[in-house]
Amino acid sequence: MIARTVNPQLLRDWARTSVEQLESLRGEINDLNVFPIPDSDTGSNMLFTMRAAAEAVERTPPDASLPEVARAMADGAVAQARGNSGIILSQVLVGLADGAEILGDTDALTFAELSTLGLRLGSLAATRAVSEPREGTVLTLVRVAAEAAAAHENESPADQVRAVADDCAEALERTPEQLSVLANAGVVDAGGRGFLAIVDAMVKVITGVSHRRRRYRGILTDSTTLGHGPDDSCVDGSDQDFEVMYLLDGAAGEQIAELRARLDDLGDAVVIVGDSSSGEGERFSVHVHTCEPGAAVEAGAGIGQLSDIRISCFALDAIRAQADSAEPPPRHKRAVVVVVSGDGAAELFGEAGAVVLRADDGLSAHELGQAIRDTDSGHVVVMANGALTSQDLVTVATEVRSNQRSVLMLPTSSMTQCLAALAVHDPSEVPDVDAYAMAEAAAGARWGSLQSATTRMMTLAGMSDVGDVLGLIGDDVLVVAPDQTSACTALVDLMLSTGGELVTVLAGVDVDEAALEAVGEQMRRSYPGIELAVYRTGQRADLIQVGVE
């Protein structure tokens, strides 16, 4: 059982896990970014800010108290916050630090007390920092998180944090209903998605289990566009051309109100937050979108000392994001990359015209990304066949796409689905039409497999013992048999119960010859009108793979 009390190590682990979560989701979050500017940097800004917080925590001594660790996180985030979303995130961390200091460093401090007070203070701080708070943004999710934490304060840490995450996920789904620019683009709020990732990081730290979220699809659907043309406008968004950020020291509180009013006149997305933890007077982090960057800087210079001034042009950033001038044009128009196991499979798919990547001993996202680049092709279709998680595939696609290369990941879970897709592949067809036909063929191919049971377990087909042969359709065990022959024929019967015209069997290195002969006899006797194709692919994980089309 996890203790209800909280210690500094919890925050250290959370900071590190949050960085990992944002790193893996950075591309997805960037793709969602349409408000207040469609500049596709929300994921990068939140990652940069959270990484600064985590690095600040690493610099604290091992015996630092909970308030000290929490304040280090907040200070690191405020000092290095990037973008509107980064500043808001920093204020959530400031709220948690304030809550830790108010509650004090005691052995009796509970996670529920810290999360409830900290999130409430963080929500207030983040909302106060924004000149024009809007519903349907990350501010909404932070408020929902605070309300959920209070509602479940008497529950265990695991139950409370899961409830907060679930409520935040529901609130994220509702953001398009609250903000028209999101509805028009067909996306959820990018900052809200980033905040949910951070809440999920706490769920992982406390429960040890990662929450698998659906893919929140963004507007960046291919490599030739950022989802917006150069003349497109974003309804309810910003008409400003520049993002201006700087740190301001030496300004009085009443002057900050005047600065906020001045920046509101010059642009929008005004965020000003203060940090007085250094003991040397309050330092403010200032953010604004404007068409007059010089005037925005002068407004701050007139009341204090400026540092870390950053000015970026949205149009220039978009151009840079769309085209990498250092990347030469590809030599080939199109390629199909498939991930396989077994010598026979490599030969089979190679003869079908695919670029083969072996995964007999596992596969990393880096290796798949390099294989895509090595094709030197303008349009690459990838079928990983279950070798990597969907999250890894999204990360790879985001990293290898460029102005010169589009990448499409087909959701194939087995080599039999991949073979069905390759059967309809037509290099002479328009890429989108060809990819659609391949995806349709893969989706229409039912697939199953035989595996040897290595542990005793309960399945949908009953209890299995070590040494039994398991027949799976997809990921579900629906056949348990004492030998390969009976398991194989039972699996084929089950898969053909809903019809089919072609059965494809991919034989692994450990399959019995008698099992393959039994399937051949079964097809001749019971299914004379259905074609059978057997390939000796040599994979080790599955005794056989079966596909039905």
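As the structure is a computational prediction, the values presented were derived from the model and not from experiment.

### Some points on the overall build of the protein chain
1) Next: When you go through the protein chain residue by residue, the secondary structure sums to 19 helices and 16 strands.
2) Next: Taken as a whole, the protein chain presents about 24400 Å² of accessible surface, with 49% of it coming from carbon and sulfur.

### A word on the packing of helix H6 (residues 138–151) against helix H7 (residues 157–178)
1) Next: Contact geometry for H6 and H7: axes closest at 8 Å, N-to-C directions at 145°. Crossing of H6 against H7: the hand is right-handed. Contact with H6, carried on its side by Thr-140, Leu-141, Val-144, Ala-145, Ala-148 and Ala-149, involves Gln-160, Ala-163, Val-164, Asp-167, Cys-168, Ala-171, Leu-172, Thr-175 and Gln-178 of H7 and no other residues of that element.
2) Next: Among the residues forming the contact of H6 with H7, the class breakdown is 10 nonpolar, four polar and one charged.

### Comments concerning empty space enclosed by the protein
1) Next: Under the criterion given, the structure shown has two cavities of 30 Å³ or more.
2) Next: The volume enclosed by the largest cavity comes to roughly 280 Å³.
3) Next: Looking at the largest cavity, it is lined by 19 residues, and the ones nearest its centre are Trp-14, Leu-96, Ser-115, Leu-119 and Met-202.
4) Next: Taken together, the elements giving at least two residues each to the lining of the largest cavity come down to helix H1 (8–32), helix H4 (83–103), helix H5 (111–129), H7 and helix H9 (190–207).
5) Next: Taken together, the residues of the lining of the largest cavity break down into 17 nonpolar, two polar and no charged.
6) Next: Estimated volume of the second largest cavity: approximately 40 Å³.
7) Next: What lines the second largest cavity is simply Met-46, Ser-85, Ile-88, Leu-89, Val-92, Val-138, Val-142 and Phe-195.

### Quick word on the packing of H5 against H6
In a packed pair of helices, the relevant descriptors are the angle between the two axes and the axis-to-axis distance.
1) Next: Where H5 meets H6, the axes come as close as 8 Å, and the angle between the chain directions of the two elements is 155°. With respect to H6, the axis of H5 lies roughly antiparallel. Judged by the twist between their axes, the crossing of H5 over H6 is left-handed. Between H5 and H6, the contacting residues are Ser-115, Thr-116, Leu-119, Arg-120, Gly-122, Ser-123, Ala-126 and Thr-127 on the first element and Leu-139, Val-142, Arg-143, Ala-145, Ala-146, Ala-149 and Ala-150 on the second.
2) Next: Grouping the constituent residues of the contact of H5 with H6 by class yields eight nonpolar, five polar and two charged.

### Observations concerning the nonpolar core
1) Next: Ranked by internal contacts, the top residues of the largest apolar core, which has 78 residues, are Trp-14, Leu-22, Met-50, Met-73, Leu-93, Cys-168 and Phe-195.
2) Next: The contact partners of Cys-168, leaving out residues within four places of it in the chain, are Leu-141, Val-144, Ala-145, Phe-195, Leu-196 and Val-199.
3) Next: In this structure, Val-479, Ala-481, Ala-507 and Leu-543 belong to the second largest nonpolar core, which totals 24 residues.

### Description of the sheet that holds strand E8 (residues 406–409)
1) Next: Taken in spatial order, the four strands make up an open sheet running E6-E5-E7-E8, and their pairing is parallel. The sheet terminates laterally at strand E6 (355–358) and E8, the two strands that pair on one side only. On average, each strand axis in the sheet is inclined to that of its neighbour by 20°, with strand direction left out of account.
2) Next: Note: strand E5 (residues 332–340) against E6, four bridges, orientation parallel. Counterpart to Val-340 in the pairing with E6 is Arg-358.
3) Next: Against the sheet, helix H13 (residues 343–351) contacts E5 and E6, and its axis sits at roughly 165° relative to E6.

Conventions we followed
- Residues numbered from 1 in each chain as written.
- Predicted model: local features only at pLDDT ≥ 70, side-chain atom pairs only at ≥ 80, totals over all residues.
- Heavy atoms only, no water.
- Helix = DSSP H or I, 4+ residues; strand = E, 2+ residues; numbered from the N terminus.
- Areas by Shrake-Rupley, 256 points an atom, 1.4 Å probe, with all protein chains shown as cover.
- Axes fitted to C-alpha atoms, helices over the stretch in contact; angles between N-to-C directions.
- Left-handed = near helix turned anticlockwise from the far one by under 90°.
- Contact = heavy atoms within 4.5 Å.
- Nonpolar A, V, L, I, M, F, W, Y, C, P; charged D, E, K, R; others polar.
- 1 Å grid on protein atoms, 1.4 Å probe; cavity = no way out; pocket = protein on both sides within 12 Å on 5 of 7 lines; lining within 4 Å.
- Points joined across faces, edges and corners; volume = space filled by probe spheres on them.
- Parallel < 35°, antiparallel > 145°, perpendicular 65-115°, else oblique.
- Core = buried A, V, L, I, M, F, W, Y, C linked by side-chain atoms within 4.5 Å.
- Buried < 20%, exposed > 50% of the residue type's maximum accessible area, 1.4 Å probe, protein only.
- Pairing = 2+ DSSP bridges.

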